[in-house]
Protein chains: 2
Amino acid sequence: MSGTLYGVGLGPGAPDLMTLRAARLIGGATCIAYPTLAGGQSFARSIAADLIPAGIREIVMDLPMATERRSAQAAYDKGAAEIAATLETGEDVVCFCEGDPFFYGSFMYVFSRLSGRYCIEVVPGVTSVTACAARAGLPITARNETLTILPGPLEEDVLRKRIAAAESIALMKVGRHLPKIRRVLTELGLADRSVYVERATLAQEVILPLRDAPADAPYFSMILLTKGTDPWL
Amino acid sequence: MSGTLYGVGLGPGAPDLMTLRAARLIGGATCIAYPTLAGGQSFARSIAADLIPAGIREIVMDLPMATERRSAQAAYDKGAAEIAATLETGEDVVCFCEGDPFFYGSFMYVFSRLSGRYCIEVVPGVTSVTACAARAGLPITARNETLTILPGPLEEDVLRKRIAAAESIALMKVGRHLPKIRRVLTELGLADRSVYVERATLAQEVILPLRDAPADAPYFSMILLTKGTDPWL
């Protein structure tokens, strides 16, 4: 009988913001898998580090820099094949994912390759959206308000249209798209309502009004805003 | 010195989907607070039940049925006053919230009353959106896709317009709004792509194609859909 593949969300970064289930699965793992970027450290692995049993097998999926789509697919192909070979022996594999596996998570790429062939359990995690809101002290959505999640790499006119039509908004993956996003928010008169959050819940966390956000925002940064008056008062 | 108020997200329902931080705070609590609905059991308290130390103080905020807005505000006023009185003695209070405190969470109403006056730490939790996606095996959003969260109680024409304009969608608080939502999704040709999830991660969990969803959906139900082809393949 084949092993089970666990796609485990590790939350936004602080190790104690992973779930009890994630911690139990990691502590009992004999084989883990995770992505790295261009030979660098794995953020996901760093979140789980203190819980990983010594000497267990580690399947590393090394991804090229973001824009090389075909090579990324090849890295996931190779990783999925290694994971499948392990599952075939009856061993379970615990695959790490920052945040939540199905919310912009790298685990989707493994899931799409192995779904239907093996038993897969997805363990949801705390997303960066609510972690940023918690850290910024900004209740992001209440009652019958809508929340729109927008990736920063979207084209400027698409962003403008979607931001104009939305109520509460979380802009993800800000990074080098910060000037474009700031321009759109300023045009729409929303810049002064916007909060910039970088590396939420980690020691290097930064929380600033958008106007003070640094020019060199990292990939793991977000902008949050609400348009409403405080409807919960 | 005043105590600290912790607004703790408990996740979608399965007790082991709370975070390690939430579990530690509950296990060390001397005073907890949580809402109940019309004298019923507290769902939030039931998630945490096994971790609550025996004999500690419990502040119960009993809310009337959903539509009586003014009485709900009065219940939060009273609860916030009790919490404040406890904090004044230097004691910490751990306030429970299903899901995440700032994502349609009841804790917002306590936060708005005590913010600025006391030290408040918000502990994010796993939201029902990603819990439902995980349980339904539906990667909800990848790459540069957008995700729109819509509350089911919205007016039919508002829902139609927002659903038509969105990409991936999570419809929250479905309950008695199911017929209206199903009508809109059918009109838009999206019903066959939609998944219905009820009480995700609990023993009573139900996951069905939308066409098979029960007429008497509970408040804790959700509809998920993605419009794209699978972009992660």
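Residues numbered from 1 in each chain as written. Chains lettered and ligands numbered in written order. Predicted model: local features only at pLDDT ≥ 70, side-chain atom pairs only at ≥ 80, totals over all residues. Heavy atoms only, no water.

A. Geometry of the overall build of chain A. Within chain A, the regular secondary structure consists of seven helices and ten strands. The C-alpha radius of gyration computed for chain A amounts to 19 Å, which stays within 12% of the reference 17 Å derived for 233 residues, consistent with globular compactness. Dimensions of chain A, computed from the C-alpha atoms along their principal axes, are close to 60 × 40 × 30 Å. For chain A, the proportion of its 233 residues judged to be buried stands at 58%. (Helix = DSSP H or I, 4+ residues; strand = E, 2+ residues; numbered from the N terminus. Rg over C-alpha atoms; globule rule 2.2 N^0.38 Å. Buried < 20%, exposed > 50% of the residue type's maximum accessible area, 1.4 Å probe, protein only.)

B. Inspection of the sheet that holds strand β10 (residues 221–225) of chain A at higher detail. Across the sheet, which stays open at both edges, the ten strands sit in the order β9(A)-β8(A)-β10(A)-β7(A)-β6(A)-β6(B)-β7(B)-β10(B)-β8(B)-β9(B) with mixed pairing between neighbours. The open sheet terminates on both sides in strands that have one partner only, identified here as β9 (206–209) of chain A together with β9 (206–209) of chain B. Strand-to-strand twist of the sheet, defined as the mean angle between neighbouring strand axes without regard to direction, takes the value 15°. With five bridges connecting them, strand β6 (residues 147–151) of chain A and strand β7 (residues 168–172) of chain A associate as parallel partners. Residue pairing for β7 of chain A: Ile-149 of chain A is matched across the bridge by Ala-170 of chain A. Helix α6 (residues 156–165) of chain B rests against β6 (147–151) and β7 (168–172) of chain B of the sheet, and its axis sits at about 170° to β6 of chain B. Relative to the sheet, helix α7 (residues 178–187) of chain B contacts β7 and β10 (221–225) of chain B, its axis offset from that of β10 of chain B by approximately 10°. (Pairing = 2+ DSSP bridges. Axes fitted to C-alpha atoms, helices over the stretch in contact; angles between N-to-C directions. Contact = heavy atoms within 4.5 Å.)

C. Geometry of the relation of the copies chain B and chain A. In the superposition of chain B on chain A (RMSD 0.0 Å, axial shift 0.0 Å), the rotation amounts to 180°. The relationship between the two copies is best expressed as a two-fold rotation axis. The fraction of interface residues of chain B whose copies in chain A are also interface residues reaches 100%, indicating that both copies meet through the same surface. (Least-squares fit on C-alpha atoms with pLDDT ≥ 70 in both.)

D. Expanded view of unusual backbone geometry. All names here are of chain B. The backbone of Arg-199 shows a phi angle near 50°, a positive value even though the residue is not glycine. Turning to its location among the elements, Arg-199 is positioned in the loop between β8 (195–198) and β9. Even without a glycine there, the phi angle at Thr-201 is positive, about 75°.

E. Structural context of the packing of helix α6 (residues 156–165) of chain A against helix α7 (residues 178–187) of chain A. Residue and element names in this part refer to chain A. Two elements in contact, α6 and α7, have axes separated by 10 Å at closest approach and are oriented at 40°. In terms of their interaxial angle, α6 and α7 are classed as oblique. Considering the relative orientation of α6 and α7, their crossing is right-handed. Contacts from Glu-156, Leu-159, Arg-160 and Ile-163 of α6 reach α7 at Lys-180, Ile-181, Arg-183, Val-184, Leu-185 and Glu-187. Of the residues contributing to the contact of α6 with α7, the split by class is five nonpolar, no polar and five charged. (Parallel < 35°, antiparallel > 145°, perpendicular 65-115°, else oblique. Left-handed = near helix turned anticlockwise from the far one by under 90°. Nonpolar A, V, L, I, M, F, W, Y, C, P; charged D, E, K, R; others polar.)

F. Representation of empty space enclosed by the protein. This model, assessed by the stated rule, comprises one cavity of 30 Å³ or more. As for the largest cavity, its lining consists of Phe-103, Thr-127, Val-129, Thr-130, Leu-147 and Ile-149 of chain A together with Phe-103, Thr-127, Val-129, Thr-130, Leu-147 and Ile-149 of chain B. Breaking the lining of the largest cavity down by element, the ones donating at least two residues are α5 (128–136) and β6 of chain A together with α5 (128–136) and β6 of chain B. Along the lines of polarity and charge, the residues of the lining of the largest cavity split into eight nonpolar, four polar and no charged. (1 Å grid on protein atoms, 1.4 Å probe; cavity = no way out; pocket = protein on both sides within 12 Å on 5 of 7 lines; lining within 4 Å. Points joined across faces, edges and corners; volume = space filled by probe spheres on them.)

G. Layout of helix α3 (residues 69–88) of chain A. Residue and element names in this part refer to chain A. Over its 20 residues, α3 extends 28 Å from the first C-alpha to the last, a length consistent with the 28 Å expected when each residue adds 1.5 Å. Residues of α3 that are buried: Ala-72, Gln-73, Ala-75, Tyr-76, Gly-79, Ala-80, Ile-83, Ala-84, Thr-86 and Leu-87. Considering only its buried residues, α3 is in contact with β1 (4–9), β2 (31–37), β3 (57–63), β4 (93–97) and α4 (107–114). Two residues or fewer after α3 comes Gly-90, characterised by a positive phi angle close to 95°. (Expected span 1.5 Å × (residues − 1).)

H. Summary view of the confidence of the model for chain A. For chain A, per-residue confidence averages 95 on the pLDDT scale, and 97% of positions sit at 70 or higher. Across the interface, the model reports ipTM at 0.96; the global pTM reads 0.96. (pLDDT = per-residue confidence, 0-100.)

I. Summary view of the sheet that holds strand β1 (residues 4–9) of chain B. All names here are of chain B. Strands sit in the order β3-β2-β4-β1-β5 across an open sheet of five strands; the sheet is parallel. Since the sheet does not close on itself, it has two edges, and those belong to β3 (57–63) and β5 (119–123), each with one partner. For this sheet the average axis-to-axis angle between neighbouring strands, irrespective of direction, equals 20°. Sheet analysis places strand β2 (residues 31–37) next to strand β4 (residues 93–97), joined by two bridges and oriented parallel. Considered in β4, the bridge of Ile-32 is made with Val-94.

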